[in-house]
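Single-letter residue listing:
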Amino acid sequence: MPDCPFHPSHPPCELEMDLMILREAERESTEIFYPMREELRFYLKRTRLLENILSDNGIPIPEYDD
């Protein structure tokens, strides 16, 4: 681990370690985010297609309560 640039007399540096952990967390979350975004886009397109089919056939779209 690199010496701490903020407190050279205190190796290992907690701030440097925190930065490394945060970068890894960011990398992991980004790795998960993009495939999930694509999956959500797929389901949104699918939902819109189904809503259009219902509307074109005069079938009311049911309300959704969460």
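Relevant structure appears above.
A quick note: this is a predicted structure, and the numbers were derived from the prediction, not measured. (Residues numbered from 1 in each chain as written. Predicted model: local features only at pLDDT ≥ 70, side-chain atom pairs only at ≥ 80, totals over all residues. Heavy atoms only, no water.)

Focus on the overall build of the protein chain
Each helix and strand in the protein chain was counted, giving 1 helix and 0 strands. Sorting the 66 residues of the protein chain into buried and exposed places 5% on the buried side. (Helix = DSSP H or I, 4+ residues; strand = E, 2+ residues; numbered from the N terminus. Buried < 20%, exposed > 50% of the residue type's maximum accessible area, 1.4 Å probe, protein only.)

Focus: the pattern of salt bridges
Per the counting criterion, the structure on display carries 4 salt bridges. For E38, the salt bridge is made with R37, and the minimal N-O distance between the two is 4.0 Å. Members of the salt-bridge network, linked through shared partners, are E24, R27 and E31. (Salt bridge = Lys/Arg side-chain N within 4 Å of Asp/Glu carboxyl O.)

Section: the packing of aromatic side chains
Under the definition given, this model contains 2 aromatic pairs. The interplanar angle of 75° and the centroid separation of 5.0 Å between the aromatic rings of F33 and Y34 together place this pair among those described as edge-to-face. On the basis of relative accessible area, F33 is assigned to the partly exposed category, the value being 43%. A ring pair is formed by F42 and Y43, whose centres lie 5.2 Å apart and whose planes are at 70°; its orientation type is edge-to-face. (Phe/Tyr/Trp six-rings, centres within 6.5 Å; stacked < 30°, edge-to-face > 60°.)

Points about helix 1 (residues 14-56)
For helix 1, with 43 residues, the first-to-last C-alpha span of 61 Å sits near the 63 Å given by 1.5 Å per residue. G58 occupies a position one or two residues after helix 1 and carries a positive phi of about 70°. (Expected span 1.5 Å × (residues − 1).)

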